[in-house]
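Each chain, written out:
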Amino acid sequence: MTTETETGAPPAADRTLLLVDDDNAFRQRLGLTLERRGYTVAAASSVAEARGIAAELKPAYAVLDMRLGDGNGLDLVGELRALRPGIRIVMLTGYGNLATAVAAVKAGAVDYLPKPADPDAILNALLAPGEAKPAPPEEPMSADRVKWEHIQRVYELCDRNVSETARRLKMHRRTLQRILSKRSPR
């Protein structure tokens, strides 16, 4: 039997999982589904609560929401890696953009999935062998979605300032406001 330090992955017998999401209904449903699939799930609704659980549990797996009431799930990635270097982490977000996806993977997450994420997709990402890249998407983003993602990225980088974002994107402020008020395209 190999250990975590030899392979960099959690031992097969260790199925502890930290689930951090501030959406109570989603967290409960996903936690129950993962428990039914054989994981020992410890759930948290905030960064502070997750830190306490992680320090005690040192989980083999983690599913983290990007935006939480008291901080950012991305901040937890490095902390979890320090507690347990071989941890497998998947980031979830309802506010996806390419910049945060790249930041999550660079910080040590194995994948980045949009919410509501399918439990099978989460488990596939958590259990992908080694540093294997995920399979290409069956339905990649449309050109409209890529444009929307870029606008969202610049908007976030400008601290959600509409006027500054419009100036940098060289577009009219009202046009940008209309785009931001709509739901993301599929």
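Because the structure is a prediction, the values reported are computed rather than measured. (Residues numbered from 1 in each chain as written. Predicted model: local features only at pLDDT ≥ 70, side-chain atom pairs only at ≥ 80, totals over all residues. Heavy atoms only, no water.)

Some points on the packing of aromatic side chains
Step number 1: Enumeration over the complete set of coordinates arrives at one aromatic pair.
Step number 2: For the pair Tyr39 and Tyr61, a centre-to-centre distance of 5.7 Å together with 85° between the ring planes defines the contact as edge-to-face. Here the residue Tyr39 occupies a position in the loop between helix H2 (24–36) and strand E2 (40–44), and Tyr61 occupies one in strand E3 (residues 61–65), the gap between them amounting to 22 residues. Each member of the pair, Tyr39 as well as Tyr61, carries the same accessibility label: buried.
Step number 3: Looking at Arg15, its charged tip hangs above the ring of Tyr39, at a distance of 4.0 Å from the centre. (Phe/Tyr/Trp six-rings, centres within 6.5 Å; stacked < 30°, edge-to-face > 60°. Helix = DSSP H or I, 4+ residues; strand = E, 2+ residues; numbered from the N terminus. Buried < 20%, exposed > 50% of the residue type's maximum accessible area, 1.4 Å probe, protein only. Lys NZ or Arg CZ within 6 Å of the ring centre and 35° of its normal.)

What to know about helix H3 (residues 47–57)
Step number 1: If you check which residues of H3 are buried, you get Val47, Ala50, Ile53 and Ala54. The buried residues of H3 all sit within an arc of 125° when viewed along its axis, so they share a single face.
Step number 2: Along its buried surface, H3 packs onto strand E1 (16–20), E2, strand E4 (67–68), strand E5 (71–72) and helix H4 (73–83).
Step number 3: Where H3 ends, the next residue or the one after it, Lys58, has phi of about 50°, a positive value. (Arc of directions from axis to C-beta. Contact = heavy atoms within 4.5 Å.)

Brief notes about the nonpolar core
Step number 1: Judged by nonpolar contacts, the single largest core of 23 residues is most densely connected at Leu18, Val20, Leu64, Leu80, Ile89 and Met91.
Step number 2: The set of elements that each furnish at least two residues to this core consists of E1, E2, H3, E3, H4, strand E6 (88–93) and helix H5 (98–107).
Step number 3: Residues contacting Leu80, with those up to four places away along its chain left out, are Leu18, Ala54, Ala62, Leu64, Ile87 and Ile89.
Step number 4: Residues Leu17, Leu19, Leu30 and Leu113 belong to the second largest nonpolar core, which totals 18 residues. (Core = buried A, V, L, I, M, F, W, Y, C linked by side-chain atoms within 4.5 Å.)

Overview of helix H9 (residues 173–181)
Step number 1: Those residues of H9 lying buried are Leu176, Ile179 and Leu180. An end-on view of H9 places all buried positions within 95° of arc, on one side of the element. For H9, the exposed residues lying more than 90 degrees away from the buried face are Arg174 and Ser181.
Step number 2: Looking at the packing, one finds that the buried side of H9 touches helix H7 (143–157) and helix H8 (162–169).

As for the packing of H3 against H4
Step number 1: One way to put it is that H3 packs onto H4 with a least axis distance of 11 Å and a crossing angle of 10°. For the element pair H3 / H4, the angle class is roughly parallel. Contact with H3, carried on its side by Val47, Ala50, Arg51, Ala54 and Ala55, involves Asp75, Leu76, Glu79, Leu80 and Leu83 of H4 and no other residues of that element.
Step number 2: The residue inventory of the contact of H3 with H4, partitioned by class, reads seven nonpolar, no polar and three charged. (Axes fitted to C-alpha atoms, helices over the stretch in contact; angles between N-to-C directions. Parallel < 35°, antiparallel > 145°, perpendicular 65-115°, else oblique. Nonpolar A, V, L, I, M, F, W, Y, C, P; charged D, E, K, R; others polar.)

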